[in-house]
Every structure is written in structure tokens, then in C-alpha cells.
Amino acid sequence: MPAPASTLLRNAPHRPAPTLDLGAGASLRLGRLHEACGNARRTLALRLAARIGVTPQRPLFWIAPAWSPDRLNGDGMARFLSPAAVIFVHAVRAEDILWTAEEVLRAGAAPMMVADLPGLPSLTAVRRMHLAAETGAEGGRVLPLGLILTEGAGGAPGVESRWRMDAAHPPCPGDSAPEGEAWRLERLRARTDPPRVWRVAGGRLEVVTGDDGGPSPGLPELAEGRPASRRMAGSAENRPPFTAASGTGAQPPVAVGRA
């Protein structure tokens, strides 16, 4: 990744920003807010959580509106990820989702935060979450990865990157994935990387357009499950324990619990 112009003017050596590397040229910068859309956006979110290493001691915070019928089911999650590794927060009001997302990121204690939004956030709200993630990275134990889930083609302003994941499961000749399981992963935009499309199947991330790179052999977490609607999730890795995040200020009406 080329160094920003501001970095080139400094005497200090350039250190690349920490990223969550998915292989084959796909990565997400830590300490920033990203966006996921598409009909398999929940699969992508939970696979990223597995990749980053959420555990019951270092859980994923999943924030969603209390009125939404689309909720992850513990039985469906068990195939990929222990439900104990996810803390669900059900917000009564739309603004409470953003408030909670900020507090989780600002605490710098949870490795990942997912906010399943009922609509697109404003640029101000996105900037606040960026700042919260940066604050958490400076004072917390981890570099938090923020991810908002949006419907349709997305379009939240000011995000670090926007990704789209859709199911592509019909059996194909030569498919090594069970029952022809496959996904189409697309990077729609990013601050420092060009648009690109990958095919995810059989434990491999293969570039389809935008690069001459070959397949990546090491991404089983992104190729084992079906699209995550209300009943899907991802796998987990072991990491050290952490201190639960705590916020400041008046607490909004939210319900917090594990599956």
C-alpha cells in the first residue's frame, strides 16, 4: 500500500496501518469504520469476526434495532461460531444504535463492533465512529474494527471502505465447496485500494476482476458457511481475555445479552 502524501513529508519512517488481512489483496484497516452490504453482509460480518479472533472473553458486539425481525439464531450460529462469543445489543431507537456503537469503539476493549443499521447514517455519525475507534485504539487493549451493515447497495458517506457480499451457491462444475457453496465478494470503494471482485469457495479467495493475483489458500473462515440472514454466523479463534467495554454519559434504552 503506498504511503500517504502527508507521510512522505515527515522524517519518521512510514509504518503501514494495521489491517485485518484476508489474503489475495483483501484487507480492512483496523481502528476505522467500514461498511458491508449485499444479501450475505451478515455472513461477511461474522466471518470477519472469526478472522479477527472473537471469543467469549473477547466478544463481538452486535448492535441492532429491537424492532427488526432479522436476528441471528443461536442454533444456526453454532455451526460456525459459539453464540457465547457474541454480545447482542437491541436498541429501542435508531439513534441508540449509533450511540452504543460509539461507546463500544471508544472503549477499545472489544476487537470488533457490528452495527446493523435500519438506514444510512449521516456523515457526522460516521466521523464520530471513526474518532471513537481511533480513541479506542489509543487507549484500549485492541485496535477495534468497526463495521456497519446497510441494506441494498449501501452508500454510507465517509466510511474507510465499502464491501458487498452476495451468495452464489448454485453448483458449478469442479467446485470443491460443499454443495457448491460460494460467494461473490466485492470491494466497492476504499480510501487507498481500487475496486475489486473475489470469488469465495472451497476455502479459497480468488480474484475475479481488478488484479492479476492468484487464489489465496488460507481463508477457510470465509468459505465454510451459507449466507448469514437471521440464522447464520462465523467461526472463532482463541485470543487473550479482555476487560468489558464501558461507556460514559447517559445510557440510552438498550437491551444487552448473549444468545
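Residues numbered from 1 in each chain as written. Predicted model: local features only at pLDDT ≥ 70, side-chain atom pairs only at ≥ 80, totals over all residues. Heavy atoms only, no water.

A. Expanded view of the overall build of the chain. When its secondary structure is counted, the chain shows five helices and 12 strands. Looking at the chain as a whole, 49% of its 259 residues are labelled buried. Long-range contacts, defined as pairs at least 24 residues apart, comprise 73% of the intrachain contacts of the chain with a sequence gap of at least 6. Carbon and sulfur atoms make up 53% of the accessible area of the chain, which totals about 11,700 Å². (Helix = DSSP H or I, 4+ residues; strand = E, 2+ residues; numbered from the N terminus. Buried < 20%, exposed > 50% of the residue type's maximum accessible area, 1.4 Å probe, protein only. Contact = heavy atoms within 4.5 Å. Areas by Shrake-Rupley, 256 points an atom, 1.4 Å probe, with all protein chains shown as cover.)

B. Layout of the nonpolar core. Within the largest apolar cluster, 36 residues are counted, with the highest numbers of intra-cluster contacts made by Leu-48, Leu-60, Trp-62, Met-112, Val-114, Leu-147 and Leu-185. Those residues in contact with Leu-147, other than ones at most four positions away along the chain, are Leu-33, His-34, Glu-35, Ala-36, Ala-45, Leu-48, Met-112, Met-113, Val-114 and Ala-115. The next biggest cluster of nonpolar side chains, apart from the first, holds 21 residues, and it includes Val-89, Ile-97, Met-129 and Ile-148. (Core = buried A, V, L, I, M, F, W, Y, C linked by side-chain atoms within 4.5 Å.)

C. Quick peek at helix α2 (residues 41–52). Look at α2: 16 Å from first C-alpha to last across 12 residues, which is about the 16 Å you get at 1.5 Å a residue. When we look at burial in α2, the residues that qualify are Arg-41, Arg-42, Thr-43, Leu-44, Ala-45, Leu-46, Arg-47, Leu-48, Ala-49, Ala-50, Arg-51 and Ile-52. (Expected span 1.5 Å × (residues − 1).)

D. Region of the structure containing the pattern of salt bridges. For the coordinates displayed, the defined rule picks out 14 salt bridges. Between Asp-70 and Arg-42 there is a salt bridge, with its nearest N and O atoms 3.9 Å apart. In this pair, Asp-70 is assigned in the loop between β4 (60–65) and α3 (74–77) and Arg-42 in helix α2, connecting sequence segments 28 residues apart. Because the salt bridges share partners, they merge into one network encompassing Arg-29, Arg-32, Glu-134, Glu-160 and Arg-191. (Salt bridge = Lys/Arg side-chain N within 4 Å of Asp/Glu carboxyl O.)

E. Spatial organisation of the pairing of strand β2 (residues 26–29). One ladder, built from four bridges, connects strand β1 (residues 19–23) with β2; its direction is antiparallel. From the neighbouring strand, Gly-23 faces β2, where its bridge partner is Ala-26. Counting the residues in the hairpin turn of β1 and β2 gives two residues, including Ala-24, whose phi is positive at 55°. (Pairing = 2+ DSSP bridges.)

F. A look at the packing of helix α4 (residues 94–107) against helix α5 (residues 123–139). Remark: α4 packs on α5, axes separated minimally by 6 Å, with the N-to-C direction vectors making an angle of 25°. Classified by the angle their axes make, α4 and α5 are roughly parallel. Seen from α4, the contacting residues are Leu-98, Ala-101, Glu-102, Leu-105, Arg-106 and Ala-107; seen from α5, they are Ala-125, Arg-128, Met-129, Ala-132, Ala-133, Thr-135 and Gly-136. Considered class by class, the residues forming the contact of α4 with α5 number eight nonpolar, two polar and three charged. (Axes fitted to C-alpha atoms, helices over the stretch in contact; angles between N-to-C directions. Parallel < 35°, antiparallel > 145°, perpendicular 65-115°, else oblique. Nonpolar A, V, L, I, M, F, W, Y, C, P; charged D, E, K, R; others polar.)

G. Seen up close, the side chain of Glu-35. Summarising the element assignment, Glu-35 is placed in strand β3 (residues 33–37). For Glu-35, a relative accessible area of 0% gives the class buried. One polar contact links the side chain of Glu-35 to the main-chain amide nitrogen of Gly-155, over a distance of 2.9 Å. The contact partners of Glu-35, leaving out residues within four places of it in the chain, are Leu-120, Leu-147, Ile-148, Thr-150, Gly-154, Gly-155, Ala-156, Val-159, Ser-161, Arg-162 and Trp-163. (Polar contact = N/O pair within 3.5 Å; in protein donor to acceptor, adjacent residues only side chain to side chain.)

H. Molecular detail of the packing of aromatic side chains. If you walk through the whole model with that rule in mind, you get one aromatic pair. With centroids separated by 5.7 Å and ring planes inclined at 25°, the aromatic side chains of Trp-163 and Trp-198 adopt a geometry described as stacked. Pair noted here: Trp-163 is in strand β8 (residues 161–167) and Trp-198 is in strand β10 (residues 196–201), with a separation of 35 residues, a long-range link. Taken as a pair, Trp-163 and Trp-198 share a single burial class, namely buried. (Phe/Tyr/Trp six-rings, centres within 6.5 Å; stacked < 30°, edge-to-face > 60°.)

I. Quick peek at unusual backbone geometry. Phi at Ala-24 is positive, roughly 55°, even though this residue is not glycine. Examined against the element boundaries, Ala-24 turns out to sit in the loop between β1 and β2. On the basis of relative accessible area, Ala-24 is assigned to the partly exposed category, the value being 22%.

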